[in-house]
Amino acid sequence: TGNQWGYGKDDGPSAWNKNYPIADGDRQSPIDILPHQARHDPNLGPIVLNYDRCTSINIANNGHSVVVEFEDSDDRSVIQGGPLDNPYRLKQFHFHWGGKGCHGSEHTVEGNSYASELHLVHWNAVKFKTFGDAASTPDGLAVLGIFLETGDEHRWLHMITDALYTVKFKGSVTDFKGFNPKCLLPSSLHYWTYLGSLTTPPLHESVIWIVVKEPMIVSEKQLGKFRTLVFTGEEEDERTRMENNFRPPQLLKGRTVRSSN
Ligand SMILES: NS(=O)(=O)c1c(F)c(F)c(S(=O)(=O)CCO)c(N[C@H](c2ccccc2)[C@@H](O)c2ccccc2)c1F
Ligand SMILES: [Zn+2]
(Lines give C-alpha, C1' and ligand atoms only; values in the text may rest on other atoms or scores of the structure.)
(Ligands and ions follow the chains in the order given, each with its own letter.)
Protein backbone atom coordinates (compact mmCIF):
# COMPACT_ATOMS: atom_id res chain seq x y z
CA THR A 1 0.00 0.00 0.00
CA GLY A 2 1.03 3.61 -0.47
CA ASN A 3 2.07 4.23 3.11
CA GLN A 4 4.67 1.46 3.22
CA TRP A 5 7.96 2.90 4.42
CA GLY A 6 11.15 1.39 5.74
CA TYR A 7 14.90 1.85 5.95
CA GLY A 8 15.90 0.14 2.70
CA LYS A 9 17.26 1.59 -0.56
CA ASP A 10 13.86 2.17 -2.16
CA ASP A 11 11.61 2.86 0.86
CA GLY A 12 14.15 4.53 3.18
CA PRO A 13 14.49 8.09 4.57
CA SER A 14 15.43 9.68 1.21
CA ALA A 15 12.13 8.40 -0.28
CA TRP A 16 9.81 9.36 2.61
CA ASN A 17 9.05 12.84 1.24
CA LYS A 18 7.07 11.22 -1.61
CA ASN A 19 4.26 10.10 0.71
CA TYR A 20 5.13 12.51 3.58
CA PRO A 21 6.09 15.91 2.12
CA ILE A 22 6.62 17.27 5.67
CA ALA A 23 9.90 15.30 5.52
CA ASP A 24 11.29 18.52 3.93
CA GLY A 25 9.70 20.70 6.66
CA ASP A 26 11.25 23.36 8.88
CA ARG A 27 11.38 21.42 12.17
CA GLN A 28 12.43 17.89 11.24
CA SER A 29 14.35 15.42 13.43
CA PRO A 30 16.91 14.13 14.18
CA ILE A 31 19.60 16.83 14.01
CA ASP A 32 23.36 17.10 14.50
CA ILE A 33 23.89 18.77 17.88
CA LEU A 34 26.76 21.29 18.14
CA PRO A 35 27.28 21.74 21.90
CA HIS A 36 29.25 24.98 21.54
CA GLN A 37 26.43 26.57 19.52
CA ALA A 38 23.73 25.43 21.97
CA ARG A 39 22.39 28.27 24.11
CA HIS A 40 22.84 27.55 27.82
CA ASP A 41 19.52 28.54 29.39
CA PRO A 42 19.62 28.97 33.18
CA ASN A 43 15.80 28.94 33.24
CA LEU A 44 15.85 25.32 32.05
CA GLY A 45 15.17 23.29 35.18
CA PRO A 46 15.92 19.59 35.65
CA ILE A 47 13.93 16.86 33.96
CA VAL A 48 11.71 15.05 36.47
CA LEU A 49 10.65 11.46 35.75
CA ASN A 50 7.84 9.95 37.82
CA TYR A 51 7.89 6.40 36.51
CA ASP A 52 7.57 4.62 39.83
CA ARG A 53 3.97 3.53 39.26
CA CYS A 54 4.54 2.96 35.55
CA THR A 55 2.77 0.02 33.93
CA SER A 56 4.47 -1.63 31.00
CA ILE A 57 2.09 -3.81 28.99
CA ASN A 58 3.95 -5.56 26.19
CA ILE A 59 7.02 -5.69 23.99
CA ALA A 60 6.49 -5.83 20.22
CA ASN A 61 8.25 -5.93 16.86
CA ASN A 62 6.26 -3.53 14.65
CA GLY A 63 8.45 -3.98 11.59
CA HIS A 64 10.38 -0.76 12.30
CA SER A 65 11.75 -1.18 15.82
CA VAL A 66 11.23 -3.06 19.08
CA VAL A 67 8.66 -1.15 21.15
CA VAL A 68 7.56 -1.45 24.80
CA GLU A 69 4.06 -0.02 25.29
CA PHE A 70 2.72 1.46 28.54
CA GLU A 71 -0.72 1.90 30.08
CA ASP A 72 -1.40 5.63 29.64
CA SER A 73 -4.99 6.01 30.90
CA ASP A 74 -3.83 8.15 33.84
CA ASP A 75 -0.82 10.13 35.07
CA ARG A 76 0.96 7.20 36.68
CA SER A 77 4.13 7.59 34.59
CA VAL A 78 5.01 11.11 33.50
CA ILE A 79 7.92 13.33 32.55
CA GLN A 80 7.86 16.99 33.57
CA GLY A 81 10.10 19.98 34.22
CA GLY A 82 12.85 21.11 31.90
CA PRO A 83 11.30 22.74 28.81
CA LEU A 84 7.86 21.21 29.50
CA ASP A 85 4.88 23.30 30.67
CA ASN A 86 2.79 20.24 31.54
CA PRO A 87 3.39 16.64 32.60
CA TYR A 88 3.61 14.33 29.57
CA ARG A 89 2.47 10.69 29.84
CA LEU A 90 4.80 7.81 28.89
CA LYS A 91 3.26 5.93 25.97
CA GLN A 92 6.07 3.74 24.65
CA PHE A 93 9.80 3.42 24.23
CA HIS A 94 11.79 1.97 21.36
CA PHE A 95 15.35 1.85 20.04
CA HIS A 96 17.31 2.71 16.88
CA TRP A 97 20.54 0.86 16.12
CA GLY A 98 23.16 0.16 13.41
CA GLY A 99 24.68 -2.90 11.77
CA LYS A 100 27.63 -4.90 13.24
CA GLY A 101 30.41 -2.41 14.02
CA CYS A 102 28.37 0.47 12.56
CA HIS A 103 26.71 3.20 14.59
CA GLY A 104 22.94 3.63 14.65
CA SER A 105 21.90 6.65 16.71
CA GLU A 106 19.59 9.23 15.12
CA HIS A 107 20.90 12.40 16.77
CA THR A 108 24.62 13.01 16.32
CA VAL A 109 26.94 15.25 18.37
CA GLU A 110 29.45 17.27 16.31
CA GLY A 111 28.96 14.77 13.50
CA ASN A 112 29.63 11.77 15.76
CA SER A 113 26.96 9.11 16.06
CA TYR A 114 26.54 6.65 18.92
CA ALA A 115 25.95 2.91 18.61
CA SER A 116 22.24 3.24 19.32
CA GLU A 117 19.57 5.60 20.69
CA LEU A 118 16.66 4.91 23.08
CA HIS A 119 13.49 7.02 22.68
CA LEU A 120 10.90 7.36 25.43
CA VAL A 121 7.79 8.81 23.81
CA HIS A 122 5.39 10.87 25.97
CA TRP A 123 2.21 12.82 25.13
CA ASN A 124 0.54 15.89 26.65
CA ALA A 125 -2.66 14.50 28.20
CA VAL A 126 -3.42 17.86 29.85
CA LYS A 127 -3.94 19.68 26.54
CA PHE A 128 -5.07 16.74 24.38
CA LYS A 129 -7.83 14.14 24.82
CA THR A 130 -6.12 11.41 22.81
CA PHE A 131 -2.54 10.51 22.03
CA GLY A 132 -3.36 10.69 18.30
CA ASP A 133 -4.41 14.35 18.64
CA ALA A 134 -1.23 15.08 20.63
CA ALA A 135 0.97 13.28 18.09
CA SER A 136 -0.28 15.50 15.26
CA THR A 137 -0.17 18.90 17.03
CA PRO A 138 2.93 21.01 17.74
CA ASP A 139 4.39 20.24 21.16
CA GLY A 140 1.88 17.46 21.79
CA LEU A 141 4.77 15.02 22.28
CA ALA A 142 7.94 14.99 24.36
CA VAL A 143 10.56 12.42 23.43
CA LEU A 144 13.46 11.72 25.78
CA GLY A 145 16.47 10.50 23.80
CA ILE A 146 19.28 8.52 25.43
CA PHE A 147 22.44 7.54 23.53
CA LEU A 148 23.80 4.00 23.89
CA GLU A 149 27.60 3.54 23.77
CA THR A 150 29.37 0.16 23.79
CA GLY A 151 31.52 -0.79 26.74
CA ASP A 152 30.72 -2.81 29.86
CA GLU A 153 27.50 -4.81 30.10
CA HIS A 154 24.46 -2.80 31.23
CA ARG A 155 23.17 -4.44 34.41
CA TRP A 156 19.47 -3.99 33.58
CA LEU A 157 19.31 -4.01 29.75
CA HIS A 158 19.23 -7.85 29.85
CA MET A 159 15.58 -7.52 30.90
CA ILE A 160 14.92 -6.19 27.38
CA THR A 161 17.48 -8.23 25.41
CA ASP A 162 16.38 -11.51 27.09
CA ALA A 163 12.87 -10.90 25.69
CA LEU A 164 13.95 -10.09 22.12
CA TYR A 165 13.87 -13.71 20.94
CA THR A 166 10.09 -13.68 21.61
CA VAL A 167 9.55 -10.79 19.16
CA LYS A 168 11.90 -11.81 16.33
CA PHE A 169 9.32 -11.31 13.58
CA LYS A 170 7.28 -8.25 12.54
CA GLY A 171 3.84 -8.38 14.17
CA SER A 172 4.94 -10.39 17.22
CA VAL A 173 3.85 -9.11 20.66
CA THR A 174 4.52 -10.60 24.09
CA ASP A 175 3.53 -9.65 27.62
CA PHE A 176 6.09 -7.40 29.26
CA LYS A 177 4.82 -6.32 32.69
CA GLY A 178 6.48 -4.52 35.56
CA PHE A 179 9.39 -3.00 33.66
CA ASN A 180 10.41 0.48 34.85
CA PRO A 181 12.60 2.19 32.20
CA LYS A 182 14.13 4.43 34.87
CA CYS A 183 16.68 1.61 35.37
CA LEU A 184 18.06 2.29 31.88
CA LEU A 185 18.86 5.98 32.42
CA PRO A 186 22.39 7.36 32.95
CA SER A 187 23.22 9.04 36.28
CA SER A 188 23.13 12.59 34.94
CA LEU A 189 20.09 13.90 33.05
CA HIS A 190 21.75 17.09 31.73
CA TYR A 191 20.28 17.58 28.28
CA TRP A 192 19.92 19.54 25.06
CA THR A 193 16.39 20.47 23.97
CA TYR A 194 14.91 21.72 20.68
CA LEU A 195 11.62 21.67 18.74
CA GLY A 196 11.44 18.87 16.17
CA SER A 197 9.44 16.00 14.76
CA LEU A 198 8.83 12.26 14.82
CA THR A 199 11.77 10.63 13.05
CA THR A 200 9.54 8.11 11.30
CA PRO A 201 6.50 8.64 9.12
CA PRO A 202 4.12 10.42 9.63
CA LEU A 203 7.03 12.74 10.68
CA HIS A 204 4.59 15.04 12.53
CA GLU A 205 6.31 18.26 13.73
CA SER A 206 4.87 17.73 17.18
CA VAL A 207 7.88 16.82 19.32
CA ILE A 208 9.73 18.66 22.07
CA TRP A 209 13.03 16.76 21.96
CA ILE A 210 15.05 16.28 25.15
CA VAL A 211 18.38 14.60 24.34
CA VAL A 212 20.37 13.49 27.39
CA LYS A 213 24.10 14.28 27.16
CA GLU A 214 25.47 11.26 29.07
CA PRO A 215 25.15 7.94 27.19
CA MET A 216 24.14 4.67 28.80
CA ILE A 217 26.86 2.01 28.46
CA VAL A 218 25.85 -1.38 27.02
CA SER A 219 27.97 -4.33 25.85
CA GLU A 220 28.51 -5.20 22.19
CA LYS A 221 26.89 -8.56 23.02
CA GLN A 222 23.73 -6.87 24.37
CA LEU A 223 23.57 -4.63 21.31
CA GLY A 224 24.04 -7.63 19.02
CA LYS A 225 20.83 -9.15 20.34
CA PHE A 226 18.82 -6.29 18.76
CA ARG A 227 20.18 -7.43 15.39
CA THR A 228 18.58 -10.87 15.84
CA LEU A 229 15.22 -9.22 15.10
CA VAL A 230 13.98 -9.07 11.50
CA PHE A 231 11.94 -6.40 9.67
CA THR A 232 9.86 -9.15 8.03
CA GLY A 233 6.94 -11.26 9.19
CA GLU A 234 7.22 -14.98 10.06
CA GLU A 235 5.13 -15.88 6.99
CA GLU A 236 7.43 -13.96 4.57
CA ASP A 237 10.16 -16.01 2.92
CA GLU A 238 12.99 -13.46 3.09
CA ARG A 239 14.49 -12.65 6.51
CA THR A 240 15.72 -9.03 6.49
CA ARG A 241 17.78 -8.44 9.65
CA MET A 242 16.49 -5.45 11.64
CA GLU A 243 19.40 -2.97 11.74
CA ASN A 244 20.25 0.58 10.61
CA ASN A 245 16.67 1.66 11.49
CA PHE A 246 17.70 5.29 11.95
CA ARG A 247 16.96 8.51 10.03
CA PRO A 248 20.04 10.66 9.32
CA PRO A 249 20.31 14.22 10.73
CA GLN A 250 18.07 16.87 9.12
CA LEU A 251 18.68 20.59 8.49
CA LEU A 252 18.42 22.85 11.56
CA LYS A 253 16.72 25.62 9.45
CA GLY A 254 17.45 28.34 11.99
CA ARG A 255 16.28 26.49 15.10
CA THR A 256 17.99 27.07 18.44
CA VAL A 257 19.21 24.17 20.55
CA ARG A 258 19.17 24.99 24.27
CA SER A 259 21.32 23.31 26.89
CA SER A 260 20.51 22.64 30.53
CA ASN A 261 23.53 23.21 32.77
N1 LIG B 1 11.68 8.29 16.76
S2 LIG B 1 10.18 8.57 17.09
O3 LIG B 1 10.06 8.75 18.53
O4 LIG B 1 9.71 9.69 16.31
C5 LIG B 1 9.23 7.17 16.68
C6 LIG B 1 9.82 6.11 16.01
F7 LIG B 1 11.09 6.18 15.57
C8 LIG B 1 9.11 4.93 15.79
F9 LIG B 1 9.73 3.91 15.14
C10 LIG B 1 7.83 4.79 16.20
S11 LIG B 1 7.02 3.27 15.98
O12 LIG B 1 5.78 3.28 16.64
O13 LIG B 1 7.96 2.24 16.41
C14 LIG B 1 6.84 2.98 14.27
C15 LIG B 1 6.36 4.18 13.56
O16 LIG B 1 5.04 4.45 13.87
C17 LIG B 1 7.20 5.87 16.79
N18 LIG B 1 5.89 5.72 17.11
C19 LIG B 1 4.95 6.79 16.92
C20 LIG B 1 4.33 7.10 18.24
C21 LIG B 1 4.06 6.05 19.09
C22 LIG B 1 3.56 6.37 20.35
C23 LIG B 1 3.36 7.71 20.72
C24 LIG B 1 3.64 8.72 19.81
C25 LIG B 1 4.16 8.42 18.57
C26 LIG B 1 3.96 6.32 15.89
O27 LIG B 1 3.48 5.04 16.22
C28 LIG B 1 2.80 7.23 15.72
C29 LIG B 1 3.03 8.53 15.31
C30 LIG B 1 1.94 9.36 15.08
C31 LIG B 1 0.65 8.89 15.26
C32 LIG B 1 0.45 7.58 15.67
C33 LIG B 1 1.54 6.74 15.90
C34 LIG B 1 7.92 7.04 17.06
F35 LIG B 1 7.34 8.06 17.72
ZN1 LIG C 1 12.66 6.89 17.78
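The structure this text deals with has already been given above.
Bear in mind the structure is a predicted one, so any value in this text is a computation, not a measurement.

Asker: Which residues make up the coordination of the zinc ion (ligand 2), and what are the values?
Answerer: Every protein donor of the zinc ion (ligand 2) is accounted for by His94 (NE2), His96 (NE2) and His119 (ND1), and the metal-donor separations fall at 2.0 to 2.1 Å. One can describe the donor arrangement at the zinc ion (ligand 2) as tetrahedral, given that its four donor atoms subtend angles of 97 to 117° at the metal. Mapped onto the polypeptide sequence, the residues donating to the zinc ion (ligand 2) form the spacing pattern H-x1-H-x22-H. Per residue, the accessibility class of histidine 94 equals that of histidine 96, and both read buried.

Asker: Which residues make up the site of ligand 1, and what values go with them?
Answerer: Taken together, 19 residues are adjacent to ligand 1, and Asn62, His96, Phe131, Thr199 and Thr200 come closest. In the environment of ligand 1, a nitrogen atom lies 3.4 Å from a nitrogen or oxygen atom belonging to the side chain of histidine 94. Within the side chain of histidine 119, an N or O atom sits 3.3 Å from a nitrogen atom of ligand 1. Taking 630 Å² as the accessible area of ligand 1 by itself, protein coverage stands at 85%. Mapped onto the shell around ligand 1, the elements with two or more residues apiece are β7 (88-97), β10 (116-123) and α2 (131-135). For the shell around ligand 1, the per-class residue count stands at eight nonpolar, nine polar and two charged.

Asker: Help me get a handle on the pairing of strand β6 (residues 78-81), residues and values and all.
Answerer: Note: strand β3 (residues 47-50) against β6, four bridges, orientation antiparallel. Each bridged residue has a counterpart across the sheet, and for asparagine 50 the counterpart in β6 is valine 78. In terms of strand pairing, β6 meets β7 through two bridges, oriented antiparallel. Paired with isoleucine 79 across the two strands is tyrosine 88, which belongs to β7. The antiparallel hairpin formed by β6 and β7 contains six residues in its connecting segment, where glycine 82 sits at a positive phi of about 55°.

Asker: Let's hear about the pairing of strand β4 (residues 56-61): which residues, and what values?
Answerer: Counting buried residues in β4 gives five out of six residues, a clear majority hidden from the surface. Pairing between β4 and strand β5 (residues 66-70): five bridges, direction antiparallel. When the bridges of β5 are listed, asparagine 58 appears paired with glutamate 69. Linking two consecutive strands that pair antiparallel, namely β4 and β5, is a turn of four residues; a positive phi of about 85° is found at glycine 63 within it. Sheet topology note: the β4/strand β12 (residues 173-175) ladder contains three bridges and is antiparallel. Within β12, the position partnered with asparagine 58 by the bridge is aspartate 175.

Asker: So what about the state of the cysteines? Which residues, and what values?
Answerer: Counting across every chain of the model gives zero disulfides. Cysteine 54 takes part in no disulfide bond, and the closest cysteine sulfur to it belongs to cysteine 183, at a distance of 9.0 Å.

Asker: Just give me the short version of the environment of asparagine 245, but keep the residues and values in it.
Answerer: As for its position among the elements, asparagine 245 is in the loop between α4 (220-226) and β16 (258-259). Residue classification places asparagine 245 among the buried positions, given a relative accessible area of 0%. Distance in space between the C-alpha atoms of asparagine 245 and tryptophan 97 is 6.1 Å, their sequence separation being 148 residues. Excluding residues that lie within four positions of it along the chain, asparagine 245 makes contacts with Tyr7, His64, Ser65, Phe95, His96, Trp97, Glu106 and Phe231. Here tryptophan 97 takes part through its backbone nitrogen, which lies 2.8 Å from a polar atom of the side chain of asparagine 245.

Asker: How would you explain the packing of aromatic side chains if you had to name every residue and give the values?
Answerer: Taken as a whole and assessed by the stated rule, the structure comprises 11 aromatic pairs. Ring plane angle 50° and centroid distance 5.9 Å describe the contact between phenylalanine 93 and phenylalanine 179, whose orientation is recorded as tilted. Here phenylalanine 179 lies in the loop between β12 and β13 (191-196) and phenylalanine 93 lies in strand β7, a separation of 86 residues in the sequence. On the accessibility criterion, phenylalanine 179 (2% relative accessible area) is buried. Among the aromatic residues, ring-to-ring pairing joins Phe70, Phe93, Phe95, Trp97, Phe176, Phe179 and Phe226 into one connected group. The ring centre of phenylalanine 131 lies 4.6 Å from the NZ or CZ of lysine 91, which sits over that ring.

Cut-offs applied
- Residues numbered from 1 in each chain as written.
- Chains lettered and ligands numbered in written order.
- Predicted model: local features only at pLDDT ≥ 70, side-chain atom pairs only at ≥ 80, totals over all residues.
- Heavy atoms only, no water.
- Donors = N, O, S within 2.8 Å, 3.2 Å for Na, K, Ca; no water.
- Tetrahedral: all angles 85-135°; square planar, octahedral: opposite > 155°, others 65-115°.
- Buried < 20%, exposed > 50% of the residue type's maximum accessible area, 1.4 Å probe, protein only.
- Near = heavy atom within 4 Å.
- Polar contact = N/O pair within 3.5 Å; in protein donor to acceptor, adjacent residues only side chain to side chain.
- Areas by Shrake-Rupley, 256 points an atom, 1.4 Å probe, with all protein chains shown as cover.
- Helix = DSSP H or I, 4+ residues; strand = E, 2+ residues; numbered from the N terminus.
- Nonpolar A, V, L, I, M, F, W, Y, C, P; charged D, E, K, R; others polar.
- Pairing = 2+ DSSP bridges.
- Disulfide = S-S within 2.5 Å.
- Contact = heavy atoms within 4.5 Å.
- Phe/Tyr/Trp six-rings, centres within 6.5 Å; stacked < 30°, edge-to-face > 60°.
- Lys NZ or Arg CZ within 6 Å of the ring centre and 35° of its normal.

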